[in-house]
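Chain and residue survey
The lines below spell out each chain.
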Amino acid sequence: MSKGWRWAVLLLPLLAFIVLVGFLLRGLFSDPTELSSALVGKPVPQFSVPDLYQPEQQHTQAILKGQPMLLNVWATWCPTCRAEHAYLNKLAAEGVAIVGLNYKDDSRDKAVNWLNTLGDPYTVNLFDANGSVALEFGVYGAPETFLIDAQGQIRYRHVGDVNERVWRGELGERYRSLMQEFSATAEGTDS
């Protein structure tokens, strides 16, 4: 074997190691709440699921139109959902429209009891027992929150809990911007 090939064979593991370290460092310093979503900028997926409180009542994607809102994916088995719940109650009290998507809970009763105990910030609660609707949204797990405009298009996705820091940052800013657009459009049609 020539001297040049020996150096190449010796350097190959070093180069592989450098590439691996670069890949791991990139992941280490990335923000896990900034997962891209193929649905951002597109209409919400079509679905039909029962209401959490009234199982005989079905809701479709039409429930996510009419005004800017948040779609919050939550579950009783999710400790982070419990942590964010008080803040969602605060946002709802301030007039933020939030639709809940109860994700893969053991039972409807357990979810209803949870809301009766902790408060219900949701204008509507969708019951996604098998997770099929969440799958259509590309949900990795609970909690996740989607910002949806008045036309039913997904404008933003946040993975993780919604809290004061998140709301004061990009999520709240985007919501307020959508509300301003919505108000201006509503005023324009009233004239």
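Residues numbered from 1 in each chain as written. Predicted model: local features only at pLDDT ≥ 70, side-chain atom pairs only at ≥ 80, totals over all residues. Heavy atoms only, no water.

Some words on the overall build of the chain
- Along the backbone of the chain there are five helices and seven strands.
- Starting at the N terminus and ending at the C terminus, the chain contains elements arranged as α-β-β-β-α-β-α-β-α-β-β-α.
- Within the span of the chain, comprising 191 residues, buried residues form 40% of the whole.
- Of the roughly 10,900 Å² that the chain leaves accessible, carbon and sulfur atoms contribute 59%. (Helix = DSSP H or I, 4+ residues; strand = E, 2+ residues; numbered from the N terminus. Buried < 20%, exposed > 50% of the residue type's maximum accessible area, 1.4 Å probe, protein only. Areas by Shrake-Rupley, 256 points an atom, 1.4 Å probe, with all protein chains shown as cover.)

Thoughts on the confidence of the model for the chain
- Looking at the chain as a whole, its pLDDT mean stands at 88, while 80% of the residues score no less than 70.
- Every residue in residues 30-35 is under pLDDT 50, and counting partners more than four places away or in other chains gives eight contacts. (pLDDT = per-residue confidence, 0-100. Contact = heavy atoms within 4.5 Å.)

Re the side chain of Asp105
- Tracing the backbone shows Asp105 in the loop between strand 4 (98-103) and helix 3 (108-118).
- The side chain of Asp105 sits in the buried core without any salt bridge; Lys110 is the nearest counter-charge, 5.6 Å away.
- Beyond its immediate stretch of four places on either side in the chain, Asp105 contacts Trp74, Ala75, Thr76, Trp77 and Ala111. (Lys, Arg positive; Asp, Glu negative; His and termini not counted. Salt bridge = Lys/Arg side-chain N within 4 Å of Asp/Glu carboxyl O.)

Topic: the state of the cysteines
- Counted according to the given criterion, the structure contains one disulfide.
- Sulfur-sulfur distance for the disulfide between Cys78 and Cys81 comes to 2.5 Å. Every disulfide takes its handedness from the sign of the S-S torsion; for Cys78 and Cys81 that torsion is 85°, giving right-handed. Each of the two residues, Cys78 as well as Cys81, counts as buried. (Disulfide = S-S within 2.5 Å.)

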